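# Descriptive structure summary
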Amino acid sequence: MFLKRIQVPDFRVLKNVDITFDPQLEPRVFPLGSQNGGGKSTLLQLVFVLLHCAIDPEKLHLVENLLQGFTVKHGTDWHSLATIEIFDNKFENIKLEYLCYSRQSIRTLLNHQAAQSPYCQNIIVLSPQALLGEIFLACRINASITSDLHAVLKEVAAHTFLAAPSTQIFHFLSLESRKKLFSRSSIEDSGSYIADLKNLQESLPNLFTYDLSLVDTLVNLFREARDRDFSAVVSTGQYGHSYHQILEKMNSALVGKQISSRSDLTGVQFHLDGSNTELQPEDLSHGELKRFSIYIWLTSQNLKDAIVLMDEIEIALHPDWQYQIVHDLVKWGPTNQYILATHSYELCQAVTPAHVKEITPNLLPQTV
Ligand SMILES: Nc1ncnc2c1ncn2[C@@H]1O[C@H](COP(=O)(O)OP(=O)(O)O)[C@@H](O)[C@H]1O
Ligand SMILES: [Mg+2]
């Protein structure tokens with residue numbers, strides 16, 4: 001799946017946004033820049049919520065959280081929130097127009113649909129109940145799509161992912177949770193922002209935060225490998241090689257360090273290449289852990305043919321690694337498209353100028 005174009009007429013800080021991504025370009029890694037507060041995170045979250053959450057009734061409250069403060073303009077029947085064009089090998093060109101209707105105009109739409117008016121048969125009403133008491137979200141899909149429209153949107157949802165730091169303000173968390181980010185509370189506190197985010201991630205596996213749950217994921221991977229190896233010995237008399245294979249792959253993603261699991265599989269340990277001395281957590285840099293966690297995420301979730309939206313990717317990475325991460329992403333998940341919200345000059349150097357996208361107002365040219 002490949003996101004070709006995103007248009008946002010007017011949503012929060014985003015005004016007349018129209019960004020295209022050329023599917024012919026290699027690598028399929030696109031840095032997205034703007035000034036601080038220019039709307040990169042807002043854009044990534046809007047795309048994620050529309051593509052991944054809006055089709056699932058269980059996740060509509062996340063759309064509602066994101067839309068807080070958004071209204072359908074008086075005197076208009078509907079208001080375009082965003083138009084997203086995607087290319088998919090199966091469905092080819094998919095054009096999704098996310099429209100917000102007022103209570104009155106949704107009634108008209110539903111009447112037209114009931115009367116089988118041809119011009120509105122390709123619109124799906126996503127929110128049967130009003131969001132924020134007044135907005136009905138619908139999606140108009142290009143008429144050339146003849147498959148079941150829900151199935152198309154579900155396929156898109158399954159292939160859309162968002163990664164960001166856990167300290168990011170996620171607009172789709174509830175207002176109550178977001179307010180906690182500016183309140184005093186410890187990370188262990190069950191009432192904290194981080195705790196709410198972790199909770200949300202249980203039901204939103206396509207949302208990844210670089211710095212939460214790495215050890216849990218690693219231990220699960222080791223446990224699954226151990227179980228596969230044990231099944232193999234039960235059925236064939238020979239232990240399988242899953243544990244060794246997984247260890248080898250993980251170590252190939254580390255630079256100068258090695259990982260192994262604790263023998264009781266309650267955690268992991270790191271040591272220097274060629275040494276058995278265990279490293280303490282502080283001996284691993286934030287950047288090493290971040291790079292490793294991205295690798296583990298992409299490979300353990302088996303991301304393929306996906307639209308991967310990544311925010312603040314360069315934070316904690318040395319400039320060499322900011323450059324290198326483009327190649328790493330392609331190596332770790334070669335069939336995905338990556339859209340990387342970033343301020344990193346080094347990262348942009350790893351691709352061509354045609355790859356680099358900007359949200360206006362344009363950044364100021366550098367002055368000497
Ligand atoms: N309803 C709104 N209208 C206009 N600007 C808004 C609105 N809500 C938030 N903002 C502004 O949008 C900016 C957030 O942009 P963000 O997406 O985090 O930018 P970036 O990730 O590029 O730094 C903040 O400066 C915030 O004040
Ligand atoms: Mg941001």
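Residues numbered from 1 in each chain as written. Chains lettered and ligands numbered in written order. Predicted model: local features only at pLDDT ≥ 70, side-chain atom pairs only at ≥ 80, totals over all residues.

## Examining the overall build of the chain
For the chain, the count of helices and strands is eleven helices and 15 strands. For a compact globule of 368 residues, the expected C-alpha radius of gyration is about 21 Å, and the chain comes in at 23 Å, within 12% of that figure. Taken along its principal axes, the extent of the C-alpha atoms in the chain is 70 × 65 × 50 Å. Out of the 368 residues belonging to the chain, those deemed buried represent 35%. Contacts in the chain between residues far apart in sequence, at least 24 positions, make up 67% of those at least 6 positions apart. (Helix = DSSP H or I, 4+ residues; strand = E, 2+ residues; numbered from the N terminus. Rg over C-alpha atoms; globule rule 2.2 N^0.38 Å. Buried ≥ 20, exposed ≤ 12 C-beta atoms within 10 Å, placed from the backbone. Contact = placed C-beta atoms within 7 Å.)

## Some points on the site of ligand 1
Taken together, the residues surrounding ligand 1 are Arg-12, Val-13, Ser-34, Asn-36, Gly-37, Gly-38, Gly-39, Lys-40, Ser-41, Thr-42 and Gly-69. Classifying every residue of the shell around ligand 1 gives one nonpolar, eight polar and two charged. (Near = placed C-beta within 6 Å. Nonpolar A, V, L, I, M, F, W, Y, C, P; charged D, E, K, R; others polar.)

## So, helix α7 (residues 214-236)
Here α7 spans 33 Å end to end across 23 residues, near enough to the 33 Å set by a 1.5 Å rise per residue. Buried within α7 are the following residues: Leu-218, Leu-221, Phe-222 and Ala-225. Along its buried surface, α7 packs onto α8 (242-252), β10 (257-261), β11 (268-272) and α9 (286-300). Positive phi shows up at Gly-237, right after α7, with a value of about 85 degrees. (Expected span 1.5 Å × (residues − 1).)

## Some words on the packing of α9 against helix α10 (residues 319-332)
Contact pair α9 / α10: the axes reach a minimum separation of 10 Å and the direction vectors enclose 15 degrees. Between α9 and α10, the interaxial angle falls into the category roughly parallel. Considering the relative orientation of α9 and α10, their crossing is right-handed. Contacts from Gly-287, Arg-291, Tyr-295, Leu-298 and Thr-299 in α9 reach Trp-321, Asp-328 and Trp-332 in α10. Looking at the contact of α9 with α10, its residues break down into four nonpolar, two polar and two charged. (Axes fitted to C-alpha atoms, helices over the stretch in contact; angles between N-to-C directions. Parallel < 35°, antiparallel > 145°, perpendicular 65-115°, else oblique. Left-handed = near helix turned anticlockwise from the far one by under 90°.)

## Here we look at the environment of Ala-54
Mapped onto the secondary structure, Ala-54 falls in the loop between α1 (40-53) and α2 (60-66). C-beta crowding within 10 Å serves as the criterion here: with 25 such atoms nearby, Ala-54 is assigned to the buried category. Between the alpha carbons of Ala-54 and Leu-126 there is a distance of 6.5 Å; along the sequence they are 72 residues apart.

## A look at the environment of Cys-53
In this structure, Cys-53 sits in helix α1. Owing to 24 C-beta atoms within 10 Å, Cys-53 belongs among the buried residues under this scheme. Spatially, the C-alpha atoms of Cys-53 and Asn-199 are 16 Å apart, while their sequence positions differ by 146 residues. When sequence neighbours within four positions are dropped, the list of residues in contact with Cys-53 reads Lys-59, Leu-62 and Val-63.

## Quick look at the nonpolar core
By size, the foremost hydrophobic cluster in this structure holds 95 residues, and its most contacted members are Val-47, Val-49, Leu-137, Leu-309 and Leu-340. If one sorts the elements of this core by residue count, α1 sits on top with nine residues. If you count residues domain by domain, this core takes at least three from each of domain 1 (2-173 + 303-358) and domain 2 (215-286). Every residue in contact with Leu-137, bar those within four places of it in the chain, is listed here: Ala-54, Val-63, Tyr-98, Cys-100, Leu-126, Ser-127 and Leu-131. (Core = buried A, V, L, I, M, F, W, Y, C linked by C-beta atoms within 7 Å. Domains from an automatic or database assignment.)

## Considering the domain arrangement of the chain
Per the domain assignment, the segments of the chain are domain 1 (2-173 + 303-358) and domain 2 (215-286). Between domain 1 and domain 2, the C-alpha centre-to-centre distance is 36 Å.

## Examining the sheet that holds strand β13 (residues 307-311)
Ordered by their spatial adjacency, six strands build an open sheet running β9-β8-β13-β14-β3-β15, and the pairing between neighbours is parallel. Each edge of the open sheet carries a strand with a single partner, namely β9 (207-209) and β15 (357-358). By the bridge criterion, five bridges tie β13 to strand β14 (residues 337-341) in an arrangement that is parallel. Of the residues in β14, the one forming a bridge with Ile-307 is Gln-337. (Pairing = 2+ DSSP bridges.)

## Notes on the pairing of strand β8 (residues 160-164)
A large share of β8 lies buried, amounting to five of its five residues. Residues Thr-160, Leu-162 and Ala-164 of β8 are buried on one face, and the alternating residues Phe-161 and Ala-163, pointing to the opposite face, are buried as well. Judged from the four bridges that link them, β8 and β13 form a sheet pairing that is parallel. Each residue of the ladder has a partner; that of Thr-160, found in β13, is Ile-307. When β8 meets β9, the two strands line up parallel, connected through three bridges. Considered in β9, the bridge of Leu-162 is made with Leu-207.

## A word on the pairing of strand β1 (residues 2-11)
With five bridges connecting them, β1 and strand β4 (residues 78-88) associate as antiparallel partners. Across the sheet, residue Ile-6 finds its bridge partner in β4, namely Ile-84. Across six bridges, β1 lies against strand β2 (residues 14-20) in antiparallel orientation. Paired with Gln-7 across the bridge in β2 is Asp-18. Where β1 folds back on β2, the antiparallel hairpin that results is connected by two residues, among which Arg-12 adopts a positive phi of roughly 50 degrees.

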